Amino acid sequence: MYLVCGEALFDFFSEDDASGLASKVNFKAIAGGSPFNVAVGLRRLGVDSALFGGLSTDYLGRRLRQVLRDEGVRPDYLVDFAAPTTLAMVAVGANGSPHYSFRGEGCADRQLSLAHLPALGPEVRGLHIGSFSLVVQPIGDTLLTLVQRESGKRLITLDPNVRLNPEPNIDLWRERIATLVPLADLIKVSDEDLSLLYPEQDPQRVIEGWLEHRCQIVFLTRGGDGATAFSRQHGTWSVPAASIKIADTVGAGDTFQAALITWLTEHGLDSVEGVQQLAHEQIDAMLRFAVQAAALTCSKTGPDLPYRHQLS
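Read on for a plain summary of the structure. Values in this document were obtained by computation on a predicted structure and should not be read as measured data.

Considering all chains together, one arrives at 3 aromatic pairs under this definition. Ring geometry for F12 versus F27: centroids 6.4 Å apart, planes at 70 degrees, classification edge-to-face. Here the residue F12 occupies a position in strand β2 (residues 9-15), and F27 occupies one in strand β3 (residues 26-32), the gap between them amounting to 15 residues. Accessibility expressed as a relative area gives 40% for F27, which makes it partly exposed. Look at F102 and F132: their rings are 5.2 Å apart centre to centre, the planes differ by 70 degrees, and that puts the pair in the edge-to-face class. Of this pair, F102 sits in strand β7 (residues 98-103) while F132 sits in the loop between β8 (126-130) and α3 (139-150); the two residues are 30 residues apart in sequence, bridging distant segments of the chain.

Written out as structure tokens, the structure is:
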């Protein structure tokens with residue numbers, strides 16, 4: 001079982017009103033949040049998962065819990081709070097990339113404190129962390145403490161997934177990522193993340209620095225330009241993006257992350273030792289599987305993550 005840690009929220013996608021009135025804006029609300037999507041994505045790909053996160057007791061929080069239940073995500077690590085549900089207002093650009101505006105201060109998914117840290121049994125094979133839950137408080141320090149406790153004992157995967165709307169202080173992001181990188185076994189990062197974190201630095205140099213710690217593999221996603229694997233043992237190589245008609249890219253990175261973990265799980269390599277012994281051919285197969293999965297999400301509107309039977 002994989003434990004995904006972090007936020008759960010509702011994405012509100014703007015839609016043109018049929019009346020054409022500028023004073024009217026329609027929205028379609030879809031359950032989301034990067035960790036939420038990864039947990040759901042794992043279940044759709046056939047991997048047992050749970051979400052360690054805070055949910056509101058309000059109407060939207062109840063809906064989030066229902067979605068998790070319907071998808072088969074285990075509820076064991078969910079914590080209820082009498083605080084609002086985070087809302088993310090999403091506008092999709094012409095190239096399909098999303099632009100977010102968050103309403104999250106004081107909301108339920110930020111409220112996890114050290115008192116909520118769970119004891120983990122042997123069924124938990126690994127932890128995944130990422131997105132703004134890394135830097136907002138108190139959940140940011142709670143997740144850091146959890147990862148510090150479990151690093152080296154279970155597989156740790158990290159996706160920075162930088163979102164400056166909920167936390168605009170890029171120095172805070174840099175500091176937290178620098179603290180987490182030495183604790184992770186596998187990192188997935190987008191070229192957009194690296195350009196925000198280290199705009200004056202060569203991405204390859206940044207990633208090579210990450211590989212000087214315990215991290216074995218870094219996967220760099222580059223949108224329509226494909227993705228690149230950086231392996232401590234086997235060097236660097238890229239694969240092209242799948243040729244598809246893009247609806248939008250919402251949830252593509254979360255799908256990519258879920259697919260990486262799924263590939264490791266299916267091959268019995270979802271452990272610290274398993275990642276350390278991966279051959280070049282295995283990493284390449286994992287990378288191509290993740291690219292294919294992300295492409296399916298990009299072909300649909302919103303974070304509509306694929307099911308295992310849709311992938312070869």
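What follows picks up the thread again.
In the structure shown here, the tally under the stated rule is 16 salt bridges. Here R44 and D304 are joined by a salt bridge, their closest N and O atoms 3.2 Å apart. Here the residue R44 occupies a position in helix α1 (residues 34-44), and D304 occupies one in the segment after α9 (280-298), the gap between them amounting to 260 residues. Accessibility expressed as a relative area gives 15% for R44, which makes it buried. In this structure, the salt-bridge partner of K188 is D159, at a minimum N-O distance of 3.1 Å. Here K188, found in strand β10 (residues 186-190), pairs with D159, found in strand β9 (residues 155-159); they are 29 residues apart in sequence, far enough to count as distant. The class for D159 is buried, based on a relative accessible area of 2%. The network of salt bridges with common partners includes R44, E71 and D304.

A word on the sheet that holds strand β5 (residues 78-81). One open sheet accounts for 9 strands, arranged β5-β4-β1-β8-β9-β10-β11-β12-β13; its pairing is mixed. Each of the sheet's edge strands pairs with one partner strand only, and the pair in question is β5 and β13 (235-239). Adjacent strand axes in the sheet meet at a mean angle of 15 degrees when their direction is disregarded. Inspection of the sheet shows strand β12 (residues 227-231) paired to β13 by 5 bridges, in the antiparallel sense. In the strand pairing of β13, A229 is matched with W237. Packed onto the sheet, helix α2 (residues 59-71) meets β4 (49-56) and β5 and runs at close to 170 degrees relative to β4. Together, β11 (217-221), β12 and β13 form the strand contacts of α9, whose direction differs from that of β13 by roughly 30 degrees.

Criteria and cut-off values
- Residues numbered from 1 in each chain as written.
- Predicted model: local features only at pLDDT ≥ 70, side-chain atom pairs only at ≥ 80, totals over all residues.
- Heavy atoms only, no water.
- Phe/Tyr/Trp six-rings, centres within 6.5 Å; stacked < 30°, edge-to-face > 60°.
- Helix = DSSP H or I, 4+ residues; strand = E, 2+ residues; numbered from the N terminus.
- Buried < 20%, exposed > 50% of the residue type's maximum accessible area, 1.4 Å probe, protein only.
- Salt bridge = Lys/Arg side-chain N within 4 Å of Asp/Glu carboxyl O.
- Pairing = 2+ DSSP bridges.
- Axes fitted to C-alpha atoms, helices over the stretch in contact; angles between N-to-C directions.
- Contact = heavy atoms within 4.5 Å.

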